[in-house]
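An overview of the molecular structure
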Amino acid sequence: MTRREAHAPERFVPVREGGLAGVRVLLGVSGGIAAYKGAELVRRLRDAGAEVRVVLTENAARFVTALTFQALSGHPVRTSLWDESAEAAMGHIELARWADEVVIAPASADLLARLAQGQADDLLTTLCLATAAPVSVAPAMNQQMWAHAATQANATLLRSRGVNVFGPASGGQACGEFGAGRLLEADEIVSLLQARRGPRELAGARVLVSAGPTYEDIDPVRFIGNRSSGRMGFAVAEAAARAGAEVVLVAGPVALATPVGVERIDVRSAREMHEAVLARAKSADVFIAAAAVGDFRPRDIAVHKLKKASRDSGLELSLVQNPDILADVAALEPRPFVVGFAAETEQVEAHARAKLERKRLDLIAANEVGAGLGFESADNALLLLWPDGREALERAGKVELACALVSRIAALRAARASA
Ligand code: CTP
């Protein structure tokens with residue numbers, strides 16, 4: 001296997017001169033023999049036009065000197081949270097805000113573990129928590145350490161939180177072994193960073209997303225709800241915002257943080273969600289219905305808590321149908337690009353395609369629920385169907401899937417615009 005083949009899924013584009021012009025890159029270097037390659041990376045980043053500031057971990061400083069990085073970056077290098085003079089010049093929070101991109105190269109197994117844990121036990125991990133900038137890591141370690149289930153789980157968790165994992169490459173290692181764990185070349189890292197920042201797929205588009213469950217009140221203390229966690233819809237909102245869209249998220253009752261840059265409207269019932277979505281749908285370019293909307297609601301909401309009439313009396317609830325938000329948006333004229341979700345327990349593709357046609361959708365994202373997938377899990381797998389195509393997205397973190405969904409939406413809209 002050649003080194004190129006080992007990381008074939010990543011597409012390298014030639015480093016563009018000035019491709020990172022004016023971009024403020026905070027380069028973190030962690031402790032490992034590949035730390036010396038960080039010096040070359042500073043050069044390549046600056047050649048591409050970036051402004052670079054460097055943070056070394058305490059262990060990195062055992063392999064390389066701060067002076068080297070100071071000379072190459074043209075700025076003082078930080079190594080500790082507890083450096084009073086450096087904190088007085090540019091405090092760690094200011095530094096976290098200063099960055100447009102945080103890149104950690106090399107990222108050791110220990111650093112990945114600490115990031116995955118959300119630790120803030122040194123300057124670099126603290127900066128990673130304190131920054132709103134995208135974080136990219138280029139792992140470098142012994143191939144056994146990279147292959148270890150703990151490291152793989154950490155990398156998967158970081159990816160699911162939106163951290164870009166660049167590489168590692170395969171090849172001969174400093175320890176004499178051969179395998180995956182080599183730091184990517186400096187040019188490759190710069191190229192990946194450039195590609196990631198490249199033209200954003202949904203720049204300027206107005207995207208409306210519905211997410212989470214709905215609660216249909218029975219009386220002041222009881223409701224009919226469902227198990228939707230809202231995570232898929234929140235991931236979709238986050239992915240659309242990252243792709244440059246202006247995002248409004250209409251959320252049912254969930255305990256999730258609002259993604260950065262997203263406007264959130266909280267609702268409770270299907271009718272409230274219907275009203276909030278329909279008020280905004282005409283001015284949206286894309287509507288993505290990721291909510292698990294309750295199909296029925298009690299005909300009347302009891303003003304007082306319902307009491308048991310006698311020891312063995314039952315209770316009959318009379319239910320009426322809720323409006324179908326997705327179908328109502330799809331019926332608008334003009335209408336946005338309409339994306340639905342379909343949670344199915346069997347014959348996923350057949351049922352989802354029927355739903356795509358019945359609701360006149362532009363795209364449907366179908367998933368099988370049950371067996372550890374879907375509603376309550378962090379992972380999911382999606383089958384994307386549109387009138388003349390399909391794409392199966394393998395099981396992955398919801399943020400990764402959401403990014404793939406957003407790319408497909410962007411591609412279908414672009415194809416329609418040029419048709
Ligand atoms: N949906 C909606 N409003 C509703 C019901 C569903 O907007 N009142 C949307 C969901 O957000 C999802 C899609 O419709 O994007 C599919 O929902 P689902 O419940 O799977 O489909 P139904 O139309 O209810 O079909 P069925 O119950 O027959 O599976």
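Residues numbered from 1 in each chain as written. Predicted model: local features only at pLDDT ≥ 70, side-chain atom pairs only at ≥ 80, totals over all residues. Heavy atoms only, no water.

Considering the overall build of the chain
Broken down by element type, the chain carries 16 helices and 19 strands. Counting only C-alpha atoms, the chain reaches 80 × 55 × 40 Å along its principal axes. When each of the 419 residues of the chain is scored for burial, the buried share is 49%. Looking at the chain alone, contacts between residues at least 24 apart form 69% of all its contacts between residues at least 6 apart. For the chain, the accessible area works out to roughly 20,400 Å², and carbon and sulfur atoms hold 51% of it. Computed over 48 positive and 50 negative side-chain charges, the inter-centroid distance for the chain is 2 Å. (Helix = DSSP H or I, 4+ residues; strand = E, 2+ residues; numbered from the N terminus. Buried < 20%, exposed > 50% of the residue type's maximum accessible area, 1.4 Å probe, protein only. Contact = heavy atoms within 4.5 Å. Areas by Shrake-Rupley, 256 points an atom, 1.4 Å probe, with all protein chains shown as cover. Lys, Arg positive; Asp, Glu negative; His and termini not counted. Charge placed at Lys NZ, Arg CZ, Asp CG, Glu CD.)

Quick word on the site of the ligand
As a matter of local geometry, the ligand sits amid 14 residues, with A289, A291, F341, K355 and K359 nearest to it. At 2.9 Å, a backbone N or O of L326 approaches an oxygen atom of the ligand. K355 places a side-chain nitrogen or oxygen 2.7 Å from an oxygen atom of the ligand. Out of a free accessible area of 570 Å², the ligand has 76% covered by protein chains. Elements represented by at least two residues in the shell around the ligand include exactly helix 14 (325–330), strand 16 (337–344) and helix 15 (348–358). (Near = heavy atom within 4 Å. Polar contact = N/O pair within 3.5 Å; in protein donor to acceptor, adjacent residues only side chain to side chain.)

Details of the pairing of strand 9 (residues 216–219)
In this sheet, strand 10 (residues 222–224) lies alongside strand 9 in antiparallel orientation, the contact comprising three bridges. Counted as the bridge partner of D217 is F223 from strand 10. Counting the residues between successive antiparallel strands, the hairpin from strand 9 to strand 10 contains two residues. (Pairing = 2+ DSSP bridges.)

Digging into a nonpolar patch on the surface
On the surface, F296, L306, L315, L317 and L319 cluster together to form a nonpolar patch covering roughly 440 Å² of accessible area. Locating L319 in the fold gives a position in strand 15 (residues 319–321). (Patch = residues over 30% accessible without salt bridge, like charges linked within 9 Å, V, L, I, M, F, W, Y side chains within 5 Å. Salt bridge = Lys/Arg side-chain N within 4 Å of Asp/Glu carboxyl O.)

Things to note about the domain arrangement of the chain
Split into domains, the chain comes out as domain 1 (24–197) and domain 2 (206–296 + 319–418). For domain 1 and domain 2, the distance between their C-alpha centres works out to 35 Å. At the junction of the two partners, domain 1 supplies four residues and domain 2 supplies five residues. Between domain 1 and domain 2 the total buried area reaches about 340 Å² when both faces are included, carbon and sulfur atoms providing 55% of it. Of all residues in domain 1, the largest losses of buried area upon contact with domain 2 belong to R159, S160 and G162, amounting jointly to 76% of the total for that side. The interface formed by domain 1 and domain 2 contains zero salt bridges. The tally of links between domain 1 and domain 2 comes to zero residue pairs in polar contact (both at pLDDT 80 or more). (Domains from an automatic or database assignment. Buried area = accessible area lost by both parts, 1.4 Å probe.)

Overview of the side chain of E344
Mapped onto the elements of the fold, E344 is located in strand 16. Here K355 takes part through its side chain, which lies 2.9 Å from a polar atom of the side chain of E344.

Some thoughts on unusual backbone geometry
Glycine aside, negative phi is the norm for most residues, and most peptide bonds take the trans geometry. Cis peptide bonds are those with omega within 30 degrees of zero, and the linkage from A105 to P106 qualifies with -5°. Structurally, the position occupied by P106 is in strand 3 (residues 101–107). Cis peptide bonds are those with omega within 30 degrees of zero, and the linkage from E333 to P334 qualifies with -10°. With respect to the helices and strands, the residue P334 is situated in the loop between helix 14 and strand 16. In this structure, Q347 is a non-glycine residue whose phi angle is positive, near 40°. Phi is positive for R360, close to 55°, though the residue is something other than glycine.

Describing the confidence of the model for the chain
This prediction gives the chain a mean pLDDT of 90; 93% of its residues lie at or above 70. Within the model, pLDDT remains below 50 along residues 1–14, and this stretch shows 28 contacts once partners closer than five positions in the same chain are excluded. (pLDDT = per-residue confidence, 0-100.)

With respect to the packing of helix 7 (residues 109–117) against helix 10 (residues 149–160)
Running from N to C, helix 7 and helix 10 cross one another at 50°; their axes reach a closest spacing of 9 Å. Between helix 7 and helix 10, the angle falls in the class oblique. Of the two possible hands of crossing, helix 7 and helix 10 adopt the one that is left-handed. Within the contact between the two elements, helix 7 uses A109, L112, A113, L115 and A116 and helix 10 uses T151, N154, L157 and L158. A class-by-class count of the residues in the contact of helix 7 with helix 10 yields seven nonpolar, two polar and no charged. (Axes fitted to C-alpha atoms, helices over the stretch in contact; angles between N-to-C directions. Parallel < 35°, antiparallel > 145°, perpendicular 65-115°, else oblique. Left-handed = near helix turned anticlockwise from the far one by under 90°. Nonpolar A, V, L, I, M, F, W, Y, C, P; charged D, E, K, R; others polar.)

Quick notes on the sheet that holds strand 4 (residues 135–139)
Ordered in space as 2-1-3-4-5, the five strands form an open sheet in which the pairing is parallel. Where the open sheet ends on each side, the last strands, each with one partner, are strand 2 (51–56) and strand 5 (164–165). Across six bridges, strand 1 (residues 24–29) lies against strand 2 in parallel orientation. Note on strand 2: the bridge partner recorded for R24 is E51. Most of the contacts of helix 4 (residues 66–73) go to strand 2, to which it runs at about 170°, and overall it touches strand 1 and strand 2.

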